[in-house]
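Architecture at a glance
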Amino acid sequence: MEPTIRTNDIVLTEHITTMLNRTKRGDVVIAKSPTNPRSYICKRVTAVQGDKVRKGLFTEFQCLGTKQVPKGHVWLEGDNRSNSTDSSSYGPVPQALLRGRVLLKVWPLNEVGYIRSRAASLRKAEEARVADT
C-alpha cells in the first residue's frame with residue numbers, strides 16, 4: 001500500500017463494515033492473505049461483486065479480456081500497482097477474508113490523518129483509459 005501506508009505505520013480500523021459486507025470501491029482494508037492464511041495484507045478495494053475488471057482496473061464497460069468479480073468477492077490492489085502482489089496475481093478475494101476497514105493513520109505522528117476512499121478518482125482514471133482504447 002505504499003506510499004499511502006508503509007510497513008511500520010500504525011492504523012486504526014473498524015470491523016463492522018467488513019462484517020456486514022458493506023465494503024465499497026476505494027476502501028482500504030485489512031484482510032487475511034489468500035495465499036498465506038497466517039499473514040495479513042493491507043490493500044484498496046478496486047472492484048466489488050458484479051464489477052468487471054480488466055488488467056486489475058474497474059470498468060463498467062464490457063471489453064475483450066474482462067472478468068466479472070463473483071458474488072461474495074472483492075478485487076484488491078495496492079496503491080503502488082507496479083510493485084504490488086494483489087488480485088492481479090491471485091484473483092478475486094472472498095469477502096470472508098476481510099478483517100477491517102482502515103480509517104485513520106495514527107503513526108508516524110507527522111502523517112496522522114484519515115485514509116480517504118479513492119473511488120471517484122479510480123473511476124475517472126479507468127474511464128479515461130477506456131476512452132483511449
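Bear in mind that the values here come from a model prediction, so they are computed numbers and not experimental data.

1. Points about the overall build of the protein chain
- Assigned secondary structure in the protein chain consists of three helices and 10 strands.
- From first element to last, N terminus to C terminus, the protein chain shows the α and β order β-α-β-β-β-β-β-β-α-β-β-β-α.
- Out of the 133 residues in the protein chain, the part that is buried amounts to 39%.
- Of the roughly 8,000 Å² of accessible surface on the protein chain, a fraction of 52% belongs to carbon and sulfur atoms.

2. Some remarks on the environment of Thr18
- Mapped onto the elements of the fold, Thr18 is located in helix H1 (residues 16–19).
- As for Thr18 and Val29, which are separated by 11 residues in sequence, their C-alpha atoms are 8.5 Å apart.
- For Thr18, the contacting residues outside a window of four places in its chain are Thr23, Leu98, Arg99, Gly100 and Arg101.
- There is a polar contact of 3.1 Å between the side chain of Thr18 and the backbone oxygen of His15.

3. Re the nonpolar core
- If you look at the biggest cluster of nonpolar residues, it comprises nine residues: Val29, Ala31, Ile41, Val45, Val48, Val74, Leu76, Val93 and Leu98.
- Secondary-structure elements contributing two or more residues to this core are strand E2 (28–32), strand E3 (40–48) and strand E7 (73–77).
- Top element by residues in this core is E3. It accounts for three residues.
- Grouped together as the second largest cluster of nonpolar side chains are six residues, Met1, Ile5, Cys42 and Ile115 included.

4. Remarks on the layout of surface pockets
- The calculated volume of the largest pocket comes to roughly 160 Å³.
- Class assignment for the residues of the lining of the largest pocket results in three nonpolar, one polar and three charged.

Definitions and limits used
- Residues numbered from 1 in each chain as written.
- Predicted model: local features only at pLDDT ≥ 70, side-chain atom pairs only at ≥ 80, totals over all residues.
- Heavy atoms only, no water.
- Helix = DSSP H or I, 4+ residues; strand = E, 2+ residues; numbered from the N terminus.
- Buried < 20%, exposed > 50% of the residue type's maximum accessible area, 1.4 Å probe, protein only.
- Areas by Shrake-Rupley, 256 points an atom, 1.4 Å probe, with all protein chains shown as cover.
- Contact = heavy atoms within 4.5 Å.
- Polar contact = N/O pair within 3.5 Å; in protein donor to acceptor, adjacent residues only side chain to side chain.
- Core = buried A, V, L, I, M, F, W, Y, C linked by side-chain atoms within 4.5 Å.
- 1 Å grid on protein atoms, 1.4 Å probe; cavity = no way out; pocket = protein on both sides within 12 Å on 5 of 7 lines; lining within 4 Å.
- Points joined across faces, edges and corners; volume = space filled by probe spheres on them.
- Nonpolar A, V, L, I, M, F, W, Y, C, P; charged D, E, K, R; others polar.

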